[in-house]
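Remarks on the overall topology
Here's the letter readout for the chains.
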Amino acid sequence: MISADSVRDLRVSRPREYLMCPPERFAVAYSINPWMDPAAPVDTDRALAQWTGLRDLLVELGHTVYTLAPLPELPDMVFAANGAFSVDGTVFGARFRYPQRTAEAGAHERWYTASGWRYVPAAHVNEGEGDFAYVPAAHGGVVLAGYGYRTEPPAHAEAQEVFGRPVVSLRLTDPRFYHLDTALAAISDDNVAYYPDAFSPASRRVLAELFPDAVLADEADALAFGLNLVSDNKHVVLPAEAAGMAAKLGAAGYAPIPVDLGELKKGGGSVKCCIAELRA
Ligand code: ARG
């Protein structure tokens with residue numbers, strides 16, 4: 001039998017391009033998910049220090065990180081994953097569910113357009129990579145799409161028309177895991193990790209069929225935001241609290257790297273929420 005260590009040595013990371021937005025204006029000023037408590041104090045300097053650590057780590061791993069300037073009155077803008085979803089050089093714009101975040105979509109649109117991306121605005125509510133994931137080497141390149149709390153199902157069909165890639169709709173059923181990226185993550189070019197109980201029984205069956213070798217998380221892993229991770233096919237950056245998830249990924253041959261993003265968890269997000277992947 002091949003050991004996890006030797007699989008890890010064989011895994012090759014692929015350099016990525018990411019977009020992030022510093023939490024200079026981060027606050028929990030309203031509550032639009034069960035994690036947000038406007039009465040709990042938030043330390044913005046600490047959030048910024050944690051975010052900077054994450055950005056520096058990605059750069060050290062050989063990735064390119066672009067920065068989106070934060071705008072006033074948009075305290076959730078640090079969660080850059082929600083602003084768009086890109087595949088094959090095309091960017092499908094976000095359309096936020098809640099009015100508090102609506103204006104973020106325009107900031108992302110301006111950034112992508114100025115950076116030369118083909119940008120397609122959305123007609124239906126969708127929160128970008130919060131509810132869309134891409135697995136490039138599975139089933140010829142498949143998009144996984146969540147709904148139930150934020151993104152609306154018609155946006156899934158819209159994304160399929162935009163990308164010409166199959167989009168698999170998955171129904172989220174636990175309000176604590178309100179975005180797909182709190183319940184599922186692409187961990188390699190052809191595999192995912194997920195928490196089955198965050199999905200409807202039918203969606204669970206679909207995931208089991210599509211990804212028989214998936215790494216399965218339990219409730220404790222998901223509550224620690226252990227699925228809100230970013231992988232480069234080898235290194236998996238995830239919140240430090242998610243020690244159980246790190247162990248599972250290590251046993252599956254990945255190299256987990258824990259980071260502390262405790263302040264940002266007060267907004268209901270962690271590693272993945274802060275990072276939009278740019279897929280040229
Ligand atoms: N406070 C933000 C919201 O509820 C958190 C977004 C987290 N982002 C994510 N990709 N899950 O919209």
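The structure under discussion appears in the preceding block.
Below is a summary of the structure that appears in this document.

Reading the values: rules and limits
- Once a new chain begins, its residue numbering starts again from 1 and follows that chain's sequence as written.
- Totals for whole chains, interfaces and linings use all residues, but because this is a predicted model, local features are given only for residues with pLDDT of at least 70 and pairs of side-chain atoms are given and counted only at 80 or more.
- Note that the side-chain values use all heavy atoms of the structure and ignore hydrogens as well as water.
- Nearness here has a simple test: a residue counts as near a molecule or strand if at least one of its heavy atoms is within 4 Å of that partner.
- By the criterion applied in these results, polar contacts are pairs of N or O atoms within 3.5 Å in which, for protein atoms, one can donate a hydrogen and the other can accept it, and in which residues neighboring in sequence qualify only through two side-chain atoms.
- The method behind every accessible area is Shrake-Rupley, applied with a 1.4 Å probe, and residues are considered shielded solely by the protein chains displayed.
- Only Asp, Glu, Lys and Arg are considered charged in this grouping, and only Ala, Val, Leu, Ile, Met, Phe, Trp, Tyr, Cys and Pro are considered nonpolar; every other residue, Gly among them, is considered polar.
- Salt bridges are defined by distance alone: a side-chain nitrogen of Lys or Arg within 4 Å of a carboxyl oxygen of Asp or Glu.
- Comment: elements are numbered from the N terminus, with helices defined as DSSP H or I runs of at least four residues and strands as E runs of at least two.
- Following DSSP output, two strands are said to pair if at least two bridges run between them.
- When checking whether two residues touch, look at their non-hydrogen atoms; a contact exists if any pair is within 4.5 Å.
- Between N-to-C directions, angles span 0 to 180 degrees; the directions come from axes that are lines fitted to C-alpha atoms, helices contributing only their stretch in contact.
- Relative accessible area decides the class of each residue, using a 1.4 Å probe on protein chains only: under 20% of the type maximum gives buried, over 50% gives exposed, and in between gives partly exposed.
- Among buried residues, those of type Ala, Val, Leu, Ile, Met, Phe, Trp, Tyr and Cys that are joined through side-chain atoms within 4.5 Å constitute a nonpolar core.
- Here the arc refers to the directions that run from the helix axis out to each C-beta atom.

**Overview of the site of the ligand**
Taken together, 15 residues lie around the ligand, and Asn33, Arg101, His179, Asp181 and Cys273 are the ones closest in. Residue asparagine 82 places a side-chain N or O atom 2.9 Å away from a nitrogen atom belonging to the ligand. Coverage of the ligand by the protein chains reaches 100% of its 340 Å² of free accessible surface. Taken together, the residues of the shell around the ligand break down into five nonpolar, six polar and four charged.

**A short note on the pattern of salt bridges**
Per the counting criterion, the structure on display carries 19 salt bridges. The shortest N-O distance in the salt bridge between glutamate 263 and arginine 46 comes to 3.3 Å. With glutamate 263 in helix α8 (residues 262–265) and arginine 46 in helix α2 (residues 44–60), this pair connects stretches of sequence that are 217 residues apart. Where aspartate 221 meets lysine 248, a salt bridge forms, and the shortest distance between an N and an O atom there is 2.4 Å. Of this pair, aspartate 221 sits in helix α6 (residues 219–223) while lysine 248 sits in helix α7 (residues 243–251), and the two are 27 residues apart along the sequence. Through salt bridges with shared partners, a single network forms among Arg14, Arg16, Glu129, Asp189, Lys272, Glu277 and Arg279.

**Notes on the sheet that holds strand β14 (residues 255–259)**
With mixed pairing, the three strands of this open sheet are ordered in space as β12-β13-β14. Whereas interior strands pair on both sides, the edge strands pair on one side only; in this sheet they are β12 (230–231) and β14. Note that strand β13 (residues 235–239) and β14 share five bridges and pair parallel. Bridge assignment links leucine 238 to a residue of β14, and that residue is proline 258. Along the sheet, α7 contacts β13 and β14; its crossing angle with β13, the most-contacted strand, is approximately 170°.

**A few points about unusual backbone geometry**
A positive phi angle is found at glutamate 73, which is not glycine, with a value near 70°. On the basis of relative accessibility, which here comes to 73%, the residue glutamate 73 falls in the exposed class. The phi angle at aspartate 88 is positive, at roughly 55°, despite the residue not being glycine. Tracing the chain through its elements places aspartate 88 in the loop between β3 (84–87) and β4 (90–93).

**Quick look at the sheet that holds strand β6 (residues 132–135)**
Strand pairing in a sheet relies on backbone hydrogen bonds, with the paired strands running either antiparallel or parallel. Pairing is mixed across the open sheet formed by three strands, whose spatial order is β6-β7-β8. Whereas interior strands pair on both sides, the edge strands pair on one side only; in this sheet they are β6 and β8 (167–171). Each strand axis lies, on average, 25° off the axis of its neighbour in the sheet, ignoring direction. Across four bridges, β6 lies against strand β7 (residues 142–147) in antiparallel orientation. Across the sheet, alanine 133 pairs through a bridge with leucine 144, a residue of β7.

**Describing the side chain of aspartate 174**
Structurally, aspartate 174 is set in the loop between β8 and β9 (184–186). Engagement of the side chain of aspartate 174 in a polar contact is seen with the side chain of arginine 176, the distance being 2.7 Å.

**Points about the nonpolar core**
Side chains of nonpolar character tend, in soluble globular proteins, to be buried together. Formed by 36 residues in total, the largest nonpolar core has its most connected members in Leu144, Leu184, Phe199, Phe211, Met245 and Leu249. Among the elements of the structure, β6, β7, β8, β9, β10 (192–194), β13 and α7 are those that each provide at least two residues to this core. Among residues more than four places away in sequence, those in contact with leucine 144 are Asp131, Phe132, Ala133, Val135, Val168, Leu170, Leu180, Leu184, Val192, Leu210 and Phe211. If you look at the next biggest cluster of nonpolar residues, it comprises 24 residues, including Phe26, Val28, Tyr30 and Cys273.

**Section: the environment of aspartate 88**
Taking the relative accessible area as the measure of exposure, aspartate 88 reaches 42% and is therefore partly exposed. Excluding its chain neighbours within four sequence positions, the residues that come into contact with aspartate 88 are Tyr134, Phe163, Arg165, Arg279 and Ala280.

**Structural notes on helix α4 (residues 153–163)**
Listed in full, the buried residues belonging to α4 are Ala155, His156, Glu158, Ala159, Val162 and Phe163. Projected down its long axis, α4 carries its buried residues within an arc of 165°, all on one side. Packing partners of the buried residues in α4 comprise β3, β4, β5 (118–120), β6, β7 and β8. One or two positions beyond α4, positive phi appears at glycine 164, with a value near 65°.

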